[in-house]
Amino acid sequence: MTKPLWTSADLEKALSAKASAPFAATGVSIDSRAVAPGDLFVALAGPAHDGHAFVADAFAKGAAAAIVHADGDFPGPTIRVADTLAALSALGAAGRARAKKTAVIGVTGSVGKTGTKEMLGTILAAQGATHISLGSHNNHWGVPLTLSRLPQDARFAVQEMGMNHAGELAALTRIARPDVAVITTVGPAHLEYFGTLEAIVEAKCEIFEGLSEKGTAVLNADHPFYGTMETAAIRAGAGNVITFGKAADADLRLIEARVIAMRTEVEAAIGGQEISYSLPFVGGHWAMNSLAALGAAAGAGADLFQAVEALEALTVPEGRGAVSEIPMDGGEFVLIDESYNANPQSMTAAIEALAAVARVRQIYNTGRAIAVLGDMRELGRTEKALHAEIAKTLKTNEIDRLFACGPLMAEAFAAAPIKMQAAKTETSDAAIAALIAEIRPGDVVMVKGSHGMRMDRIVAALKSTVSKA
Ligand SMILES: Nc1ncnc2c1ncn2[C@@H]1O[C@H](COP(=O)(O)OP(=O)(O)O)[C@@H](O)[C@H]1O
Ligand SMILES: [Mg+2]
């Protein structure tokens, strides 16, 4: 018999509301399609759908109870509240508050949140029961949902936290109350809503407002606004600041990150001791994320050297840098799948990784570095200039060919040298045929763009079509 996660008595206390009948729930769900038997279904009223219309479906799938804020003839126990989203937040806060023995790590940053969170999930799971946020459950419903599912006996919990506007992280961190707060890095993501990088840094520093007493901040020592972040952490009551980066005085100092074939070899110094390990990702930016993860693990009381060993077991999350060799007539080409999302900072990192992999392979063959880039969205009034900038990054990294998808990436195409210009299209789909005709054995192809550009469709086409060799 699965131990109940929430009983009706727990919920009545956490939500100051009355249950229509006693029940015991073993899980929490906000999506009636994904309800598991025994789940507590929270009927959220979203922009497109109102969960109240799916309460009956949830019970049909074996839900134990439902939280609702509307009248209805529901075929099972319910708890009636004023607002179900507010109730989910209260449930998340209660789930966090009662997990007294759990070390909670909050991860934010303009890029690398999900990757660093997944790394932490892998390295901590080797040392104790670990609960992590799924996918990109990092917003106003994702954070409380994750914490409402937190087992009371978990040793570690890792919560990704995102934001698009000032004030959002402050609300999330007050629910999560992290013992360790990580900022991977800060860059011009969502610039359209902030105007300046400094404003984004300030909004990221909100994560410290929920830091538990004498909590730990994990900060990027190389960042131009490191001082601002450190001051904000200490002002918020942080008892400890752990730094990572190339800086000489970083607690976790990156000595070197070398791309070898389809992995990155990392050399670092931690507490004056030199260590080396290998990551299944390509690029120095993943080495930085791995040091942030190790710093956070140490801040959460995990054994650091066991954590380093556990890095060997890492896998690459979908669309975030997975490298594969695709067979084709006359040999194979390398595909770097960066199709999940893009902003100027991650685009630069991915182009540098493409160049590094191509350089390694060019020792053995004549392969070219091919960039297949889609628009980067939400950049505001400087968006055209930021896309044209990408052409400089491509030139600096000696990228051979550029396929540009979307009206904004056309700016990079226009600014690129003629011999680099392969094709520009309105959509990702429209680039597929020309790209397949272009690729030769030994080439290295990196695909990246904002989520809405559907660059993943190009990755799928490359994986399915060309490999019919
Ligand atoms: N530290 C970093 N610096 C620059 N780019 C990064 C970094 N970490 C990850 N990226 C890039 O950002 C993309 C998204 O990574 P992800 O971990 O999903 O970030 P997030 O969850 O913050 O959106 C990756 O595919 C990679 O290209
Ligand atoms: Mg994410």
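Use the structure listed above.
In what follows, the accompanying structure is described. (Residues numbered from 1 in each chain as written. Chains lettered and ligands numbered in written order. Predicted model: local features only at pLDDT ≥ 70, side-chain atom pairs only at ≥ 80, totals over all residues. Heavy atoms only, no water.)

1. Some words on the overall build of the chain
Right, so step 1: When you go through the chain residue by residue, the secondary structure sums to 16 helices and 21 strands.
Right, so step 2: By the compact-globule yardstick of 23 Å for 469 residues, the chain fits well, its C-alpha radius of gyration being 24 Å.
Right, so step 3: A burial count over the chain gives 56% of its 469 residues as buried.
Right, so step 4: In the chain, the proportion of contacts linking residues at least 24 apart, taken out of those at least 6 apart, comes to 64%.
Right, so step 5: Only carbon and sulfur atoms are counted for the fraction: they give 53% of the accessible area of the chain, which is about 19,100 Å². (Helix = DSSP H or I, 4+ residues; strand = E, 2+ residues; numbered from the N terminus. Rg over C-alpha atoms; globule rule 2.2 N^0.38 Å. Buried < 20%, exposed > 50% of the residue type's maximum accessible area, 1.4 Å probe, protein only. Contact = heavy atoms within 4.5 Å. Areas by Shrake-Rupley, 256 points an atom, 1.4 Å probe, with all protein chains shown as cover.)

2. Re the sheet that holds strand E5 (residues 65-68)
Right, so step 1: Here we have four strands laid out as an open sheet, ordered E3-E4-E5-E6, and parallel in their pairing. Here the strands that pair on one side only, and so sit at the sheet edges, are strand E3 (27-29) and strand E6 (78-80). On average, adjacent strands in this sheet sit at an angle of 20 degrees to one another, irrespective of strand direction.
Right, so step 2: Strands strand E4 (39-42) and E5 of the sheet are contacted by helix H3 (residues 84-98), whose axis makes an angle of about 120 degrees with E5. (Pairing = 2+ DSSP bridges. Axes fitted to C-alpha atoms, helices over the stretch in contact; angles between N-to-C directions.)

3. Side note on the environment of histidine 223
Right, so step 1: Along the chain, histidine 223 falls in the loop between strand E11 (216-220) and helix H9 (226-235).
Right, so step 2: In this structure histidine 223 comes out as buried when scored by relative accessible area, which is 7%.
Right, so step 3: As a C-alpha pair, histidine 223 and glycine 245 span 22 residues in sequence and 8.6 Å in three-dimensional space.
Right, so step 4: Setting aside its immediate chain neighbours within four residues, histidine 223 contacts Thr185, Val186, Val201 and Met229.
Right, so step 5: Looking at histidine 223, its side chain comes within polar contact range of the main-chain oxygen of valine 186, at 2.7 Å. (Polar contact = N/O pair within 3.5 Å; in protein donor to acceptor, adjacent residues only side chain to side chain.)

4. Some words on the coordination of the magnesium ion (ligand 2)
Right, so step 1: Within the first shell, the magnesium ion (ligand 2) binds the protein through Thr114 (OG1), Ser136 (OG) and Glu160 (OE), at distances of 2.1 to 2.6 Å.
Right, so step 2: Going along the chain, you hit the donors of the magnesium ion (ligand 2) in the pattern T-x21-S-x23-E. Residue threonine 114 is located in helix H4 (residues 113-125), and its partner serine 136 is located in the loop between strand E8 (130-132) and helix H5 (142-148); the two are separated by 22 residues in the primary sequence.
Right, so step 3: For threonine 114, a relative accessible area of 7% gives the class buried.
Right, so step 4: According to the relative accessible area criterion, serine 136 is partly exposed, its value standing at 28%. (Donors = N, O, S within 2.8 Å, 3.2 Å for Na, K, Ca; no water.)

5. Considerations on the packing of H4 against helix H10 (residues 284-299)
Right, so step 1: Contact pair H4 / H10: the axes reach a minimum separation of 9 Å and the direction vectors enclose 50 degrees. The pairing of H4 with H10 is recorded here as oblique in orientation. Relative to H10, H4 is oriented so that their crossing is right-handed. Here Gly115, Thr116, Met119, Leu120, Ile123 and Leu124 of H4 come into contact with H10, specifically with Trp286, Asn289, Ser290, Ala292, Ala293, Leu294, Ala296 and Ala297.
Right, so step 2: Within the contact of H4 with H10, the residues separate by chemical class into ten nonpolar, four polar and no charged. (Parallel < 35°, antiparallel > 145°, perpendicular 65-115°, else oblique. Left-handed = near helix turned anticlockwise from the far one by under 90°. Nonpolar A, V, L, I, M, F, W, Y, C, P; charged D, E, K, R; others polar.)

6. Details of helix H12 (residues 344-362)
Right, so step 1: Look at H12: 27 Å from first C-alpha to last across 19 residues, which is about the 27 Å you get at 1.5 Å a residue.
Right, so step 2: Of all 19 residues in H12, 14 are buried; the element is thus mostly enclosed.
Right, so step 3: Measuring from the side-chain oxygen of the N-cap residue of H12 to the backbone nitrogen of glutamine 345 gives 3.0 Å; that N-cap residue is asparagine 343. (Expected span 1.5 Å × (residues − 1).)

7. Re the sheet that holds strand E10 (residues 180-183)
Right, so step 1: Here we have nine strands laid out as an open sheet, ordered E8-E9-E7-E10-E11-E12-E13-E14-E15, and mixed in their pairing. Since the sheet does not close on itself, it has two edges, and those belong to E8 and strand E15 (273-279), each with one partner. Strand-to-strand twist in this sheet, taken as the mean axis angle between neighbours without regard to direction, amounts to 20 degrees.
Right, so step 2: Contacts from H9 reach E10, E11 and strand E12 (240-245) within the one sheet, and its direction differs from that of E11 by about 175 degrees.

8. A few points about the pairing of strand E16 (residues 322-328)
In regular strands, side chains alternate between the two faces of the sheet.
Right, so step 1: Both E16 and strand E17 (residues 331-338) contribute to a ladder of seven bridges, which runs antiparallel. The residue bridging isoleucine 326 from the neighbouring strand is phenylalanine 333, located in E17.
Right, so step 2: Hairpin connection between E16 and E17: a loop of two residues separates the two successive antiparallel strands, and glycine 330 in this loop has a positive phi of roughly 85 degrees.

9. With respect to the site of ligand 1
Right, so step 1: The environment of ligand 1 is made up of 16 residues, and the closest members are Lys113, Thr114, Gly115, Arg320 and Glu338.
Right, so step 2: A distance of 2.9 Å is found between a nitrogen atom of ligand 1 and a side-chain nitrogen or oxygen belonging to asparagine 289.
Right, so step 3: Within the side chain of lysine 448, an N or O atom sits 3.1 Å from an oxygen atom of ligand 1.
Right, so step 4: Protein contact buries 93% of the 560 Å² of open area that ligand 1 shows by itself.
Right, so step 5: Put simply, the parts of the chain that give the shell around ligand 1 at least two residues each are H4, H10 and H12.
Right, so step 6: Grouping the amino acids of the shell around ligand 1 by side-chain chemistry returns three nonpolar, eight polar and five charged. (Near = heavy atom within 4 Å.)

10. With respect to the packing of helix H1 (residues 8-15) against H3
Right, so step 1: At a minimum axis distance of 9 Å, the contact between H1 and H3 shows a crossing angle of 110 degrees. When the axes of H1 and H3 are compared, the pair comes out roughly perpendicular. The two elements H1 and H3 meet at a crossing, and its hand is right-handed. Contacts between H1 and H3 pair Asp10, Leu11, Ala14 and Leu15 from the former with Ala87, Ala90, Leu91, Ala94 and Arg98 from the latter.

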